[in-house]
Protein chains: 2
Amino acid sequence: MKGSESLLATAVAAGVQVCFANPGTTEIPLVEAFDQVAGLRAVLALSEGVVTGAADGHARMTGAPAMTLLHLGPGFANGIANLHNARRARTPMINLIGEHASWHQSADAPLTSDIESLAGPVSGWVSRTTSAATAAAEFAEAHRATRQQRLPAALIAAADHMWAEGGEPAEVAAVPGPPAADDQQIAAIAKLLTSGRGRPALLLGGRALAPDGVRAAARIAATVGGEVFAERSPARIDRAPGIPPMRPIPYFPEDVLRVLDGFSHLVLVGARTPVSFFGYEGLPSFPVPDGIAVHTLADVEQDAVEALRALAEATGSAATELPVPEPPEVAVPDGALSAAGIAAAIVRTQPENAIVVNEGVSSGAAFPAIAAAAPPHSELTNTGGAIGMGMPVATGAAIACPDRPVINFQADGSAAYTLQALWTQAREQLDVTTVICANASYGILRAELRRAGIDRPGPAAADMTSLAEPTVDWTAAAKGFGVPATRATTGAELLEALRRAHAEPGPHLVEAVL
Amino acid sequence: MKGSESLLATAVAAGVQVCFANPGTTEIPLVEAFDQVAGLRAVLALSEGVVTGAADGHARMTGAPAMTLLHLGPGFANGIANLHNARRARTPMINLIGEHASWHQSADAPLTSDIESLAGPVSGWVSRTTSAATAAAEFAEAHRATRQQRLPAALIAAADHMWAEGGEPAEVAAVPGPPAADDQQIAAIAKLLTSGRGRPALLLGGRALAPDGVRAAARIAATVGGEVFAERSPARIDRAPGIPPMRPIPYFPEDVLRVLDGFSHLVLVGARTPVSFFGYEGLPSFPVPDGIAVHTLADVEQDAVEALRALAEATGSAATELPVPEPPEVAVPDGALSAAGIAAAIVRTQPENAIVVNEGVSSGAAFPAIAAAAPPHSELTNTGGAIGMGMPVATGAAIACPDRPVINFQADGSAAYTLQALWTQAREQLDVTTVICANASYGILRAELRRAGIDRPGPAAADMTSLAEPTVDWTAAAKGFGVPATRATTGAELLEALRRAHAEPGPHLVEAVL
């Protein structure tokens, strides 16, 4: 079989379900191989930012690597921003990057570029195919690497290696589970927490956010008199009765200092020490109040859930009854819309078992603040700060979980980066409801100007943070890409629009005018 | 003054007119400085692919460096594809990339990434600011580098260096003109061309495509019995009475071999040896027929126009009367549209002195084939093969030349990459008429499938090269971004739509349904 066919057959055997794609000429042998090898679904997107973001969303929901097909250096480059987020989310995925025929690479044809240099910053593993006969094994190695590292892998596939005969499917190696946390460290932390001195904060991130991890942490906190925090912008967080709510780590460093004030210890579980999103003069890079001792129960590589179970045992918390908190009150939104009103409308109409992709940016914190009142759901957030992840991640999550409704709580400025995702949602008839928080500005930059003491921006600063003149007509743009859309300007209109969107199959967009 | 202010003041003093921008938090001091330093126009775009493509278009028309303002590694990454094209176009431009405060960089905050690794492949010069006091001098060095190299330069500006006081505007150094071509080489080529043996082809590219270069080359060809070719996909080509038309180098290597067949010599003037766009089995990377001797009169760095003048002198061609060719016949397009019909409609309605940005891809060759019949105009093409340049380059060209109408001959697949440019066209009320060649497919990939012997693609290959189901409604998408639009399905409708668009100020989009 051809190199391309052996590669796809290896992907199928490894359990890869979907390949998000925007192919070009160098990828023609791979395009053609999709008709020869059964079992791998190709999902076309209109730009590579959608391709990579969708793969991220897919893998966050399935836990298994998704795959992309991209066109040389420039095609890959268009997908880098969402790969940056995927890297921060520790998402396994294989980016298959088509490349010129091996004998043509030194000719410096127009599309030639240094793909390794572009791929390195967002990949844990980068390599090239060397022949048709070895391409499948090289793919298998990429698959092993991405599962072991939980970072995107990049395999650069030369067109002649894909066209040539002589390929053989390869076997994908098993990878060991995450390494165990250090027993002595667990014991030491247990001793600390049961000493009766001070008040510990447990900060959960990554793997620790699995429901079993959260429950164990909540039992520990209830037993020793501490509190459980979730890292800022987790890749995925699940909420349901029986999964205790956590306090979020806020965005601004002064707020992090405030919420951590009064704790004696900060125990990291699958999370890093909180880091300020940006550097603000006079505030620390790592906003942890002086006098708080930081301990790592499990680092981001380690088996955080098992470490929490062990800590629960060691602290006598394993059988502690979980507190059942009162869900927050969520008022019926009425009158003109606000970020809080949009979040309230979403929570009040949210179907069971939804996936909420939150790229609300300056409006985004309104949702997690009341999400405990919503029916069971998963929330996926912007892990790396590269905007334009919402619509693509929602697309990939919907492909991964066809039985779960997807809600995309979406800022308008970020939506404008990758609205092409709507086309894939229409094409695949995905059950995604996009709610655009249309404040017609880069609201976060307005906030940053105020923080910097610029309360009245001059005309240039006002202009460069404004998305008005013209305001984007999101209902027209959605129609352009085949997605039915409505506009809501009041709470009542938004509730009605969301109920209708949830009741109908396929994608919808609601422009919520702020 | 602040570092940011000193940097912008230096840009103004250097003659930079425009900064295309999509800023974020780390760029706030620069955003704010636009209100303190007069003379530099900030043009906001909704995504960085628009920002960098617009800067490319601007610089191609003015010949002077434009400037961009981009948000850290991920923001820069979104602009790489159009910087790839700018690099191939030898476009001078300065990409100012905001970065975390210097003291915050080692904290590995979410948006931190290896910017140098991302910038290297598309830049001739990459550096970082080191302090507020030196930032202006560092910018001046970037400005010198980009003019001298005619390649994009990247300056990574730390937020604290931009906020801090102590900046001083710096002087921008003059750069020497292009080096002269070798006199002995000119004399040797003159001897060859006047020997009476064989038939030479002159291949012009880059600087040689300036009207004076083309005229000199045409005189030489008329005198010695040769022919003048233009490189495939030039950055800019001007057409007018008195600028002799050149034969284009075709896209596919077998066609290049065909058009060069029968020549004895190939004289390169500011152009590289033709290179196959992709590597096709059985065809060479450099499609030059055996037996053609290749000579370089002036390489891409050298003063090609002066070399052509000297060669004209040496070959006794300086006073040769220029042939006045008959313009091609351009039929009135009628009935259902074709690529040729769209090109004919554009040529027949084209205003004087237009700028035609051609990203027609599979429909694109239809325009240059008949462009000699159009009124005087400049054509800008896709130099690097990274798609999504048309709308952004058209936007930047319109900003550069407010008195010239801009026509964007645009493939639909490529348009879907960067249609966000329409918003900037609406916001700045640019006189751009976008003609979408709406064939609802990646036509070039369909052609490549046929070349590969796949006349009937299977369902997966058909699906992955189709932009139907749903077809993009370009009139709705344009309306979404504030640009009035119409749809044309016949030649008569297209002619009427173009006449109306040209008669009205501001941007328009015409969806030409194929």
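A quick note: this is a predicted structure, and the numbers were derived from the prediction, not measured.

About the criteria used
Residues numbered from 1 in each chain as written. Chains lettered and ligands numbered in written order. Predicted model: local features only at pLDDT ≥ 70, side-chain atom pairs only at ≥ 80, totals over all residues. Heavy atoms only, no water. Least-squares fit on C-alpha atoms with pLDDT ≥ 70 in both. Contact = heavy atoms within 4.5 Å. Buried area = accessible area lost by both parts, 1.4 Å probe. Salt bridge = Lys/Arg side-chain N within 4 Å of Asp/Glu carboxyl O. Polar contact = N/O pair within 3.5 Å; in protein donor to acceptor, adjacent residues only side chain to side chain. Nonpolar A, V, L, I, M, F, W, Y, C, P; charged D, E, K, R; others polar. Pairing = 2+ DSSP bridges. Helix = DSSP H or I, 4+ residues; strand = E, 2+ residues; numbered from the N terminus. Axes fitted to C-alpha atoms, helices over the stretch in contact; angles between N-to-C directions. Disulfide = S-S within 2.5 Å. Buried < 20%, exposed > 50% of the residue type's maximum accessible area, 1.4 Å probe, protein only. Right-handed = clockwise from strand over helix to strand, strands pointing away.

### Let's talk about the relation of the copies chain B and chain A
Between the two copies of this chain, the relationship is a rotation about some axis together with a displacement along it. Superposition of chain B onto chain A requires a rotation of 180° combined with a translation of 0.0 Å along the rotation axis, giving an RMSD of 0.0 Å. Here the copies are linked by what is in effect a two-fold axis.

### So, the interface of chain B and chain A
Opposite the 96 residues of chain B that make contact, chain A presents 96 residues. When the two sides are added together, the surface that chain B and chain A hide from each other amounts to roughly 7700 Å², 64% of it contributed by carbon and sulfur. A per-residue breakdown of the area chain B buries against chain A is headed by P110(B), Y417(B) and M464(B), which together make up 10% of the total. Our enumeration of links across chain B and chain A arrives at eight salt bridges. For D463(A), the salt bridge goes to R427(B), with nearest N and O atoms at 3.5 Å. The interface formed by chain B and chain A holds 54 residue pairs in polar contact (both at pLDDT 80 or more) in total. Class assignment for the residues of the side of chain B that touches chain A results in 53 nonpolar, 26 polar and 17 charged.

### Quick word on the sheet that holds strand β11 (residues 265-269) of chain A
All names here are of chain A. What the five strands build is an open sheet, ordered β10-β8-β7-β11-β12; its pairing is parallel. Of all strands in the sheet, those with a lone pairing partner are β10 (247-248) and β12 (293-298), marking the two edges. Sheet strands in contact with helix α12 (residues 304-314) are β7 (200-204), β11 and β12, and its direction is about 110° off that of β12.

### Points about the state of the cysteines
All names here are of chain B. Tallied over the entire structure, the rule returns zero disulfides over all chains. With no disulfide of its own, C19 lies closest to C401 among cysteine sulfurs, the gap being 18 Å. C19 sits in the buried class, given a relative accessible area of 1%.

### A word on the pairing of strand β11 (residues 265-269) of chain B
All names here are of chain B. When you tally the buried positions in β11, you get five out of five residues, the bulk of the element. Of the two faces of β11, the one lined by H265, V267 and V269 and the one lined by L266 and L268 are each fully buried. Relative to β11, strand β7 (residues 200-204) runs parallel, the two being bridged by five bridges. Note that in β11 the partner of L203 across the bridge is L268. One ladder, built from five bridges, connects β11 with strand β12 (residues 293-298); its direction is parallel. Across the sheet, the residue bridging to H265 is A293, located in β12.

### Brief notes about the pattern of salt bridges
Scanning the model with the defined rule gives 48 salt bridges over all chains in all. The residue D473(B) makes a salt bridge to R487(B) at a minimum N-O spacing of 2.8 Å. With D473(B) in the loop between α19 (459-464) and α20 (474-480) and R487(B) in strand β17 (residues 485-488), this pair connects stretches of sequence that are 14 residues apart. A relative accessible area of 15% places D473(B) in the buried class. Taken together, the shared-partner salt bridges connect D212(A), R215(A), E306(A) and R309(A) into one network.

### Considerations on the pairing of strand β1 (residues 18-21) of chain B
Residues and elements named next belong to chain B. Of the two faces of β1, the one lined by V18 and F20 and the one lined by C19 and A21 are each fully buried. Bridging between β1 and strand β2 (residues 41-44) involves four bridges; their strand directions are parallel. Within β2, the residue paired with F20 across the bridge is V43. Chirality of the crossover, the property in question, places the unit of β1, helix α2 (residues 28-33) and β2 among those that are right-handed. Where β1 and strand β3 (residues 66-71) come together, three bridges link them in parallel fashion. Opposite A21, over in β3, you have L69 as the bridge partner.

### Side note on the sheet that holds β1(B)
Residue and element names in this part refer to chain B. The strand order across the open sheet built from six strands is β2-β1-β3-β4-β6-β5, with neighbouring strands paired in parallel fashion. Each end of this open sheet is capped by a strand with a single partner; those strands are β2 and β5 (125-128). Along the sheet, successive strands turn relative to each other by an average axial angle of 20°, direction set aside. In the packing of helix α7 (residues 132-149) onto the sheet, contacts are made with β3, β4 (93-99), β5 and β6 (152-158), and the angle to β5 comes to roughly 175°.

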